[in-house]
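Results of the structural survey
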Amino acid sequence: MTSFFRTAFYGFCLLNLMSGAALSQDQAASPTVEAIVKTKVVVATRVLPPFIIEDGGNFSGFSADLWQELARRARVEFTWKKTSNVKEILAAVETGAAQVGIAAISITAAREQQFDFSQPMFESGLQVMVQNEAEDDFSMRKILGFFTRGAMPYLLGLLALLIIVPGHMVWFAERRHKEPAFSSQYFPGIFQAMAWALSAAAGQQNNSLNSRIGRLLSVAAIFISLLFLTYWQAELTSSFTVEQLQGGINGPEDLPGKRVGATTGSTSAIYISSHGSTLQEFQKIEEAIAALEAGKLDAVVFDAPVLLYYAANNGRGKVRVVGQIFRKENYGILFPRDSELRKRVNEALLKMREDGAYDNLYDRWFGVQGGQRI
């Protein structure tokens, strides 16, 4: 009997030792909550007021303040990684240089194939910004700019040909006549002949040509001038209107054929390139806005809250936002695939919405801007 109890006791001790070893292996394989909390993550972002504002190396703004509160609630320590645009944020998270990306990152089907996103943190969309001077009546720069767009350059070139070529032809024909309509000397005779050709192109012929070839050219000029004036009038009727001189951009439907700026890799750049506009890409939205203010662009398409914030602050009096918000989209916090951190951040974000902290943060940064509420 004693031998039986001794054998059972040794077996119980051996079982405890094996269980303890297995538990130690499991603890070694799975980091504790304290270990996770102490692990710092790198958060990739970009300066994009009012979402991310940089001041002396520190970041504030709606997205920055939101992430700081989420990190506190999810017990996460972090450091910022500054990038230039959304394309660099995506690359940083994809390569592991950062574990989180936040600014104003749109949730798209293409990005969902490569990354994980948090619950939507902001509802927005795209909007159009134009120069504020588009509200003025007329300006010489706008009028001159009109003659460099559309069919006008070709019409001006055709007009030049209708002056130079016929002018030389009638001068050569008239200079041999005993009673020439123009001076037989090249100068000023050629200028007199080109003046005749200009009036002929406008449907008038002030001087009667005396040579036989000259009279034939006069008849031909009448028909050519009729065709030219008909086409010229049609172009003026369709293009040279008050709306054209005032910019003619009141929303996204007016963008086809215009020079439109956006940031590289953004959803606005994809929209512009697929809707008949001439896309010019910039690394930063500030560069695109500067090009717009310099007259190098007709419009800028970007995230509505960013454009409204700029128009109400640094761009007051220089630019304005037109039309309604289009291509509605949600912003999310970016994570690599199968990130353990995503679930904790989602829980914290949902709690912020439930206890009112999110609404307080939203109202601190957004309200009525330019007569609109995002």
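See above for the structure.
These lines cover the structure that appears in this document, whether it is placed above or below. (Residues numbered from 1 in each chain as written. Predicted model: local features only at pLDDT ≥ 70, side-chain atom pairs only at ≥ 80, totals over all residues. Heavy atoms only, no water.)

Two side chains bearing opposite charge may form a pair once their charged atoms approach each other closely. Per the stated rule, a full pass over the model turns up 10 salt bridges. Here Glu 69 makes a salt bridge to Arg 72, at a shortest N to O gap of 2.6 Å. Placement of the pair is Glu 69 and Arg 72 together in helix α3 (residues 62-73), with a separation of three residues, close to one helical turn. A salt bridge links Lys 318 to Glu 293, with the nearest nitrogen and oxygen atoms 4.0 Å apart. Here Lys 318, found in the loop between α13 (304-312) and β11 (319-331), pairs with Glu 293, found in helix α12 (residues 285-293); they are 25 residues apart in sequence, far enough to count as distant. The exposure class of Lys 318 is partly exposed, given its relative accessible area of 41%. (Salt bridge = Lys/Arg side-chain N within 4 Å of Asp/Glu carboxyl O. Helix = DSSP H or I, 4+ residues; strand = E, 2+ residues; numbered from the N terminus. Buried < 20%, exposed > 50% of the residue type's maximum accessible area, 1.4 Å probe, protein only.)

Let us now look at a nonpolar patch on the surface. On the surface, a nonpolar cluster with roughly 430 Å² of combined accessible area is contributed by Leu 158, Leu 161, Ile 164, Val 165 and Met 169. Judged by relative accessible area, which is 42%, Met 169 ranks as partly exposed. (Patch = residues over 30% accessible without salt bridge, like charges linked within 9 Å, V, L, I, M, F, W, Y side chains within 5 Å. Areas by Shrake-Rupley, 256 points an atom, 1.4 Å probe, with all protein chains shown as cover.)

Here Thr 83 shows up in strand β4 (residues 77-83). Overall, the relative accessible area of 8% leaves Thr 83 in the buried class. Only 2.7 Å separates the side chain of Thr 83 from the backbone oxygen of Thr 45, close enough to count as a polar contact. In contact with Thr 83, other than residues within four places in its own chain, are Ala 44, Thr 45, Arg 46, Val 47, Glu 88 and Ile 89. (Polar contact = N/O pair within 3.5 Å; in protein donor to acceptor, adjacent residues only side chain to side chain. Contact = heavy atoms within 4.5 Å.)

Under the criterion given, the structure shown has 21 aromatic pairs. Ring geometry for Phe 62 versus Phe 366: centroids 5.4 Å apart, planes at 65°, classification edge-to-face. Of this pair, Phe 62 sits in helix α3 while Phe 366 sits in the loop between α15 (357-365) and β13 (368-369); the two residues are 304 residues apart in sequence, bridging distant segments of the chain. Side by side, Phe 62 and Phe 366 carry an identical accessibility label, which is buried. By the ring-pair criterion, three or more aromatic residues cluster together here, those being Phe 51, Phe 62, Phe 122, Tyr 331, Tyr 358, Tyr 362 and Phe 366. Over the face of the ring belonging to Tyr 358 we find Arg 353, whose NZ or CZ atom lies 4.1 Å from the ring centre. (Phe/Tyr/Trp six-rings, centres within 6.5 Å; stacked < 30°, edge-to-face > 60°. Lys NZ or Arg CZ within 6 Å of the ring centre and 35° of its normal.)

Turning next to the environment of Gln 68. You can see Gln 68 is positioned in helix α3. The sequence separation of Gln 68 and Phe 78 amounts to 10 residues, and the corresponding C-alpha distance is 8.9 Å. Beyond its immediate stretch of four places on either side in the chain, Gln 68 contacts Phe 59, Phe 78 and Trp 80.

What follows covers the packing of α3 against helix α14 (residues 340-355). Their axes nearest at 9 Å, the elements α3 and α14 cross at an angle of 110°. With respect to α14, the element α3 is oriented roughly perpendicular. In this structure, α3 contributes Leu 66, Trp 67, Glu 69, Leu 70 and Arg 73 to the contact, and α14 contributes Leu 341, Val 345, Ala 348, Leu 349, Lys 351, Met 352 and Asp 355. Of the residues contributing to the contact of α3 with α14, the split by class is eight nonpolar, no polar and four charged. (Axes fitted to C-alpha atoms, helices over the stretch in contact; angles between N-to-C directions. Parallel < 35°, antiparallel > 145°, perpendicular 65-115°, else oblique. Nonpolar A, V, L, I, M, F, W, Y, C, P; charged D, E, K, R; others polar.)

On to the sheet that holds β11. The sheet built from five strands is open, its strands ordered β9-β8-β10-β7-β11 with mixed pairing. At either end of the open sheet lies a strand with only one pairing partner, and these are β9 (278-282) and β11. Strand-to-strand twist of the sheet, defined as the mean angle between neighbouring strand axes without regard to direction, takes the value 25°. Here five bridges tie strand β8 (residues 259-263) to β9, and the two strands are oriented parallel to one another. Each bridged residue has a counterpart across the sheet, and for Val 260 the counterpart in β9 is Leu 279. Across the sheet, α12 touches β7 (122-131), β8, β9, β10 (299-303) and β11, and the angle it forms with β10 is around 155°. (Pairing = 2+ DSSP bridges.)

The subject of this paragraph is α15. Those residues of α15 that fall on the buried side of the exposure criterion are Tyr 358, Leu 361, Tyr 362 and Trp 365. Relative to the axis of α15, the buried residues are bounded by an arc of 100° and lie together on one face. In α15, the exposed positions that point more than 90 degrees away from the buried face belong to Asn 360 and Arg 364. (Arc of directions from axis to C-beta.)

As a further point, take unusual backbone geometry. The linkage connecting Pro 49 with the following residue, Pro 50, adopts the cis geometry, with an omega of 5°. As for its position among the elements, Pro 50 is in the loop between β1 (40-46) and β2 (53-55). The amide bond that connects Phe 187 to the next residue, Pro 188, takes the cis arrangement and shows omega of 10°. When you line up the elements, Pro 188 lands in helix α8 (residues 186-201). Despite not being glycine, Asp 338 has its phi angle at roughly 60°, a positive value.

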